[in-house]
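# Tertiary structure, described
Single-letter residue listing:
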Amino acid sequence: MYYVSWGAVRRRSGQALLVLLLAALAATAASAAAWYGLTVASQAAGSDVRNAPAVQHVILAHGRGPAGELDAFAATVDGLLRLPEGRPVLGLAADMTYIYPGKPGSASGMPAAYRDGFCAHARITGACPAAANEVAVSLDAARKLKLQPGSSFDARAVTDATPVRFRVTGVYQASDPNGPYWSDQLFRSQGSLDPFFTPRETFRGPQLRDTVRAWAVEVPEPLLRGDGGYDLNGLINAARPRFAAAQLDLDTEAGRLVDQVRGSRLAVAEGVLVAAGQTLLLAWFAVGLAGRFTGRDRRSDAGLLKLRGTTYGAILRLAAGQHLVPLAGGALIGWLAGPLVAWPFAGGWPVPVELWIAALLSLAAVLAVTLVGLAVLVTVDAIATRAPVAVLLRRVPAHRRDWRSGVVDVALVALAAGAVFQARNGGAGFGVVAPAMVALAVGLLLARLLRWIADRAGAVALRAGRIRLGLTAVQVSRQPGVDRVFALAVVAIAMVGLTAGVFSAGRASRADRAGAELGAARVLTVTAQTRTQLLYAVRQADPSGRYAMAAVLDTASAPPVLAVDSARFAAVSAWDNVDISAQSPPGPVVTGGRMTVRVDSERRTTTLLGAVLQQEATGEGVQVEFRGIHRGAQSVTAAVPRCATAPGCRLVSFQLYTPAGSDNGALTVRGVSTPAGEVLTGAQLADVTRWRAGFTGAAVRATSAGDGLRLSVDTVDDAGTAVYAVDTPLPLPIVLAGPRPDSWQFDDASLDRFGDPATPVRVVATPEVLPVLGRAGILTDLDAVRRLAGAGDQGGTMQVWLTEDAPAAVVDAIGLPVLADRTTAGRAEQLAGQGRVVTAPFALVTVAIALLVAGALVAVAATVDREAQLEQLRALRTQGLSRPTALAIGYAGQAALVVAALAGGVVAALVARPVADVTAPPFADGWRVIPPPGALGPVPLALACLAGLVVLGVTAGLSARRLRGGLK
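Moving on: helix 14 (residues 482–518). With 37 residues, helix 14 should reach 54 Å at 1.5 Å per residue; the first-to-last C-alpha distance of 54 Å fits that figure. Burial analysis of helix 14 places 29 of its 37 residues in the buried class, the great majority of the element. Looking one or two places after helix 14, you find glycine 519, whose phi comes out positive at around 90°.

Structure representation (structure tokens):
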């Protein structure tokens, strides 16, 4: 029997090769899905791990106890956790209080800390502490406490009143403050002074007996990814009861990252299965149609076998034997071709421990796909061979009955409606294939319309004597199964257009998000002591304002505030729809080593006039005191050495002191000068619009004295009362996104982030979205807010925004330590590594395979009908039809099918996009600050048409060329 099947395959080798091609395409899709899925799942997991916050990379353990038992503590933690890999970092911390010299009773919290590898993870000015009681203090603590290498200070433990003397050997800054080493908050500021670090020998002293022992390990990436099925969450959950019994704390957020990785793997599996599943359904549909087309010869065989008394089961076994050969060959080809197809699009291979899994999984997928294909072909033959012998042996096809196909069409349209409903209500379940189902429904409807038009047009053309058009139309309408071939081709072309559109929209969406999150093509996070230092450094590095801009992000504010250099915002940022112009008028600048004021005092007692300056290069506050001012006119001079060189110091305010027991008469300032010349003339001082009182607290009375500024107060205040130079527009112009803060009543809008608890602001624009901040936040001018803050400069995240073409010389000239360097291209690449995105290239592969399946089916249909078509054309040639006309009819039939399929595919794609709500792939974290771009434009449609024309056109053309040799 098997020899009979093999002989049938040899006799019909052309049909068998086409079935083999369909089977190979289906098997390739299945095999590639396994290889691609495992490869990109590992890549997506690695991307999640690399882009996760450092705190999710570490496991921490803490416990109180003697510092001398740190090694025993580490051994205990190792035994309780049983982590297979990772090198722990040990540490000690003790609560201590800094004792201010000369101020009994004044103290601030300043913890003492030891940590393995501290000096390797910090930038130290000075020397690394090496002996007991030698310490390194943070830059912030050194600035606040006026400490430097060589200084000494006293501190006492909270459990011991005896002070301990420490010697400062260095001032440190964390080299990677966002890295895993610094993720333990025990060694970061807890609202007081930053910890000082000291060698382990310091903790042997009696004052530091009560310590917190720390153990930390950075989990290796393979364990976080779960390579080889490793379950980190299970290990952590099993260890928690053991830690609780040992009275130790186990802290980690690695479980959240592991869950995210697992979610990414599931998203990859879903995306690959959906993409491959749609193509496999089309392939099985094409295999079934191919079985129907090629079954005409097998039906004759079945009729003859029935006449000889062969059983129904034996007939089916013979038919199945004919299918096994091409299906097995196609399966082998597809299994071998799958990894070769997946490799260039996946960008590599699975991790080594998963290579054998990929091979076995692809083999299982290919076998399953092949068995389904065999079942489809056997089912088609089983239905066909149940007919009577007379029907099986008849060469002329039976009259077409449409009620069965109509029922199938209605069922498919109903399924499409259900898929659309699910897609518009969350996209779960059957909704993921809604675009393909809508395209199929449109294809089926267009197929019926095409057949109806061809029937009517053919009849009209033949009656009118237009033989070529009439016979071409009749060929399209009367050829059995052409409507199904047309519908499958329509679906394939529509899916190419939709998939290409979604792929393009996804890239644009990721680029848009990267630009919205960063604000500029490249963003450096830097370290600067003040906002003034940041602004000055950037302006000096790029005087033209073409490439670089200073920015400060303050997320601690409610709402968050982004302050940028407005003069450069339009040139550097991609956000050209926001205007935050707030140019400040030039204020008085003090240069030289001395500052002289001409005053006229009406007070009977000696008066102190203070001035606050701000160094325009560093932002450092400079306090100036003009002492010994007596009654009458005089000039008083004070030294200002920190303002001696350019750019000098900006005058922030005058401070009028009125000690208790003295009178509160007026003081008139008539001029301010330096060795470089006059800074403020009497007329400028008399212009009261150049001065303002504080927004809160006791206010000074500032009035014009004709040739000077007259200052007076109503109350006696030892702290003094200030009058500020106005060099910033007030109320401060801001751009607001999102709702107004609840504290703003009527037009009384103010913020507390600019050096004063109630700085008045004025909303000049209300866009829906702001760069970096999104849909809620405030954008304002950096120069204006740093002037308002004066010497009391606020903090925030210091950034430098750069254009894409910023020269390296500009970046180097900024000269500030860089903590992070991010680009929109890099951020877009990070987003492209998410589980819902990495499957997009594979979707392009599967729709390309689906288009090849449609082309192969067109070839099958043309091959099985070639002899019948040749007989018809030969008969027409005998009746006088010219050979060119006969050839034109043969070519036109295939060309009409291709052109109609291209037009139908475009229509199906245009219908499916809005009906199935096809958009760019959503982000895994649900981010949707800006609307996604359109998912179907002219370029994807043009590519779909071009691809369809190439594949279907070439296939149809090659099939029709066989007619040339058969027509004489």
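Right, let's talk about unusual backbone geometry for a bit. With omega at 10°, the peptide bond leading from alanine 646 into proline 647 counts as cis. Considering the arrangement of structural elements, one finds proline 647 in the loop between strand 20 (632–639) and strand 21 (649–657). The backbone phi angle of valine 772 is positive, close to 70°, even though this residue is not glycine. Following the sequence through the fold, valine 772 ends up in the loop between strand 30 (759–765) and strand 31 (777–781).

Our focus in this paragraph is the sheet that holds strand 15 (residues 561–564). Spatially, the nine strands line up as an open sheet ordered 29-30-28-31-15-14-32-13-33, and their pairing is mixed. Here the strands that pair on one side only, and so sit at the sheet edges, are strand 29 (750–751) and strand 33 (818–823). In this sheet, strand 32 (residues 797–802) lies alongside strand 14 (residues 548–554) in antiparallel orientation, the contact comprising six bridges. Across the sheet, the residue bridging to alanine 550 is valine 800, located in strand 32. Helix 15 (residues 531–541) contacts strand 13 (522–526), strand 14 and strand 32 of the sheet and is inclined by roughly 160° relative to strand 14. Against the sheet, helix 18 (residues 782–789) engages strand 14, strand 15, strand 28 (732–737), strand 30 and strand 31, with an angle of about 85° to strand 31.

Right, let's talk about the nonpolar core for a bit. Of all hydrophobic cores here, the largest spans 98 residues; its most connected members are Leu22, Phe842 and Leu952. For this core, the element with the highest residue contribution is helix 2 (residues 13–51), accounting for 16 residues. Non-local contacts of phenylalanine 842, meaning those with residues more than four positions away in its chain, are made with Ala29, Ala32, Ala33, Tyr36, Val272, Ala275 and Ala276. Listed in part, the 54 residues of the second largest apolar core include Leu80, Leu92, Ala141 and Phe166.

Before going further, it helps to spend a moment on the pattern of salt bridges. Going through the model one piece at a time under the given rule, you end up with 29 salt bridges. A salt bridge links arginine 165 to aspartate 154; its shortest N-O distance comes to 2.4 Å. Taken together, the residues arginine 165 in strand 9 (residues 163–174) and aspartate 154 in strand 8 (residues 152–157) connect sequence positions eleven residues apart. Take aspartate 154: its relative accessible area is 24%, and that puts it in the partly exposed class. Across the salt bridge formed by arginine 262 and aspartate 231, the nearest N and O atoms sit 3.6 Å from each other. Linking arginine 262 in helix 7 (residues 254–307) with aspartate 231 in the loop between helix 5 (221–225) and helix 6 (232–245), this pair joins segments that are 31 residues apart in sequence. Of the residues examined, arginine 262 reaches a relative accessible area of 41% and is grouped as partly exposed. Among the charged side chains, a salt-bridge network with shared partners connects Glu616, Arg650, Asp727, Asp783, Arg786 and Arg787.

The next subject is a nonpolar patch on the surface. Together, Leu340, Trp343, Trp349 and Leu355 give the surface a local cluster of nonpolar side chains, amounting to about 440 Å² of exposed area. Relative accessible area serves as the criterion here: at 44%, tryptophan 349 is assigned to the partly exposed category.

All right, on to the confidence of the model for the protein then. In the predicted model, the protein carries a mean pLDDT of 81, and 81% of its residues have values of at least 70. Least confident of the elements in the protein is helix 1 (residues 2–11), whose mean pLDDT is 50; most confident is strand 10 (residues 196–197), at 94.

Scanning all chains against the criterion turns up 19 aromatic pairs. On the numbers, 5.0 Å between centres and 25° between planes, the contact of tyrosine 36 with phenylalanine 842 is stacked. Of the two residues, tyrosine 36 sits in helix 2 while phenylalanine 842 sits in helix 21 (residues 840–864), which places them 806 residues apart along the sequence. Here phenylalanine 842 falls in the buried class, since its relative accessible area comes to 1%. Judged by centre distance (6.3 Å) and plane angle (80°), the rings of phenylalanine 118 and tryptophan 182 are edge-to-face. Highlighted residues: phenylalanine 118 in the loop between strand 5 (112–115) and strand 6 (122–126) and tryptophan 182 in the loop between strand 9 and strand 10, separated in sequence by 64 residues. Summarising the burial analysis for this pair, phenylalanine 118 and tryptophan 182 share the class buried. Members of the aromatic cluster, connected to one another through ring pairs, are Phe118, Tyr172, Tyr181, Trp182, Phe187 and Phe197. The residue whose ring lies beneath arginine 115 is tyrosine 181, and the NZ or CZ to ring-centre distance is 4.6 Å.

Below, the discussion takes up helix 3 (residues 70–81). Given 3.6 residues per turn, any residue in an α-helix points the same way as the ones three and four places further on. The terminal C-alpha atoms of helix 3, which comprises twelve residues, lie 17 Å apart, in line with the 16 Å expected from a rise of 1.5 Å per residue. Where helix 3 is buried, its residues contact strand 1 (58–65), strand 2 (89–94), strand 5, strand 11 (211–218) and helix 6. Of the residues trailing helix 3, arginine 82 is marked for its positive phi of about 60°.

If you walk through the whole model with that rule in mind, you get two disulfides. Note that cysteine 643 is cross-linked by a disulfide to cysteine 649, the S-S spacing being 1.9 Å. Of note, the bridge from cysteine 643 to cysteine 649 carries an S-S torsion of about -95° and is left-handed in sense. For the pair cysteine 643 and cysteine 649, one class covers both residues: buried. Within the protein, bonded cysteines paired by disulfides and numbered along the sequence follow the pattern 1-2, 3-4.

Analysis parameters
- Residues numbered from 1 in each chain as written.
- Predicted model: local features only at pLDDT ≥ 70, side-chain atom pairs only at ≥ 80, totals over all residues.
- Heavy atoms only, no water.
- Helix = DSSP H or I, 4+ residues; strand = E, 2+ residues; numbered from the N terminus.
- Expected span 1.5 Å × (residues − 1).
- Buried < 20%, exposed > 50% of the residue type's maximum accessible area, 1.4 Å probe, protein only.
- Pairing = 2+ DSSP bridges.
- Contact = heavy atoms within 4.5 Å.
- Axes fitted to C-alpha atoms, helices over the stretch in contact; angles between N-to-C directions.
- Core = buried A, V, L, I, M, F, W, Y, C linked by side-chain atoms within 4.5 Å.
- Salt bridge = Lys/Arg side-chain N within 4 Å of Asp/Glu carboxyl O.
- Patch = residues over 30% accessible without salt bridge, like charges linked within 9 Å, V, L, I, M, F, W, Y side chains within 5 Å.
- Areas by Shrake-Rupley, 256 points an atom, 1.4 Å probe, with all protein chains shown as cover.
- pLDDT = per-residue confidence, 0-100.
- Phe/Tyr/Trp six-rings, centres within 6.5 Å; stacked < 30°, edge-to-face > 60°.
- Lys NZ or Arg CZ within 6 Å of the ring centre and 35° of its normal.
- Disulfide = S-S within 2.5 Å.

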